[in-house]
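If you want the building blocks of each chain, they are given just below.
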Amino acid sequence: PKAAPLFLCVLRHGSTMRGMKLFAGLTFVLAAAALLLVQAVDVSEGIEWDGSYMDPNHVGCARHIKVQGTTAEVIGEDGVNTPACTGGEPTKAWKLQGHIDGKTILVDFSPKGGPKDLLGKWVGDGIVWPDGNKWSKVPCEGGASACAHTVA
């Protein structure tokens, strides 16, 4: 004889229906617990990536990182006529996408003419890029949002 689909067995036998309800409830509880556990895992290894940074190659230019989950938004500006953003010179704003994985950040700099996958490494007080440039994190009183640069 052919095996009946499970839902037909459930409909035919009341005790099986109670068992299936219990199984479904237990499955839901386990799935919810697994989701909470995954959300509790700190993919940034305790690093507070959010905040503002100083870039010695672009003095005075905004560098800000906003993180949601493992996705990073890197916002900044560069001088139009010089690399720096000082003395009232015109600037050009940019916004890049990145990905956080532990002590590294992978950023697509191609929208501003750089490499597509640039890997930065957290070094305790900032990010070091492959060319040796270090973005130093700016300490903020009142939290990271207190010193966020506004970039037009």
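Asks: How do you make sense of the pairing of strand β8 (residues 134-137) when you look at a structure like this?
Replies: In the case of a regular strand, side chains alternate between the two sheet surfaces. By the bridge criterion, two bridges tie strand β1 (residues 51-54) to β8 in an arrangement that is antiparallel. Note that in β8 the partner of Tyr53 across the bridge is Lys137. Here strand β7 (residues 126-128) runs beside β8; their pairing, made up of three bridges, is antiparallel. Bridge pairing in β8 links Gly126 to Ser136. Hairpin geometry of β7 and β8 is characterised by an intervening segment of five residues between the two adjacent antiparallel strands and by a positive phi of about 95° at Gly132.

Asks: What am I meant to see in the pattern of salt bridges here?
Replies: Pairs can form between side chains of opposite charge whenever their charged atoms are close. Evaluated as defined, the whole model comprises seven salt bridges. In this structure, Asp78 engages Arg63 in a salt bridge whose closest nitrogen and oxygen atoms are separated by 2.7 Å. Of this pair, Asp78 sits in strand β3 (residues 71-79) while Arg63 is found in strand β2 (residues 63-68), placing the two residues 15 residues apart along the sequence. Taken individually, Asp78 and Arg63 each receive the classification buried, so the pair is uniform in this respect. Several salt bridges share partner residues, and in doing so they unite Asp55, Arg63, Asp78 and Lys112 into one network.

Asks: I tried to follow the side chain of Asp55 on my own but got confused; where do I start?
Replies: With respect to the helices and strands, Asp55 occurs in the loop between β1 and β2. Looking at Asp55, its side chain comes within polar contact range of the main-chain nitrogen of Asn57, at 2.9 Å. With residues up to four places along the chain from it excluded, the contact list for Asp55 reads Arg63, Asn133 and Trp135.

Asks: Could you clarify how one ought to interpret the sheet that holds strand β4 (residues 91-101) in this entry?
Replies: Spatially, β1-β2-β3-β4-β5-β6-β7-β8 is the arrangement adopted by the eight strands of the closed barrel, whose pairing is antiparallel. Sheet twist, expressed as the average angle between the axes of neighbouring strands with direction ignored, equals 30°. Relative to β3, β2 runs antiparallel, the two being bridged by six bridges. Bridge pairing in β3 links Arg63 to Gly76.

What counts as what
All residue numbers here refer to positions counted from 1 along the written sequence of the relevant chain. Only residues with pLDDT of at least 70 are given local features in this predicted model, and only at 80 or more are side-chain atom pairs given and counted; all residues enter the totals for whole chains, interfaces and linings. The basis for every side-chain value is the complete set of non-hydrogen atoms in the structure, without hydrogens or water. By this definition, two strands are paired if DSSP reports at least two bridges between them. Numbering of helices and strands runs from the N terminus, with a helix taken as a DSSP run of H or I at least four residues long and a strand as a DSSP run of E at least two residues long. By salt bridge we mean one thing: a side-chain nitrogen of Lys or Arg within 4 Å of a carboxyl oxygen of Asp or Glu. Under the scheme applied here, a residue whose accessible area is under 20% of the maximum for its type counts as buried, over 50% as exposed, and between as partly exposed, the area being computed with a 1.4 Å probe on protein chains only. A 3.5 Å cut-off defines polar contacts: any pair of N or O atoms within that distance qualifies, except that in protein one atom must be a possible hydrogen donor and the other a possible acceptor, and neighbouring residues in sequence count only when both atoms are side-chain atoms. By the convention used here, residues are in contact when the closest approach between their heavy atoms is within 4.5 Å. Only the contacting stretch of a helix is used when fitting its axis, a line to C-alpha atoms as for every element, and angles between N-to-C directions run 0 to 180 degrees.

Function-wise, these values are silent; they only describe arrangement.
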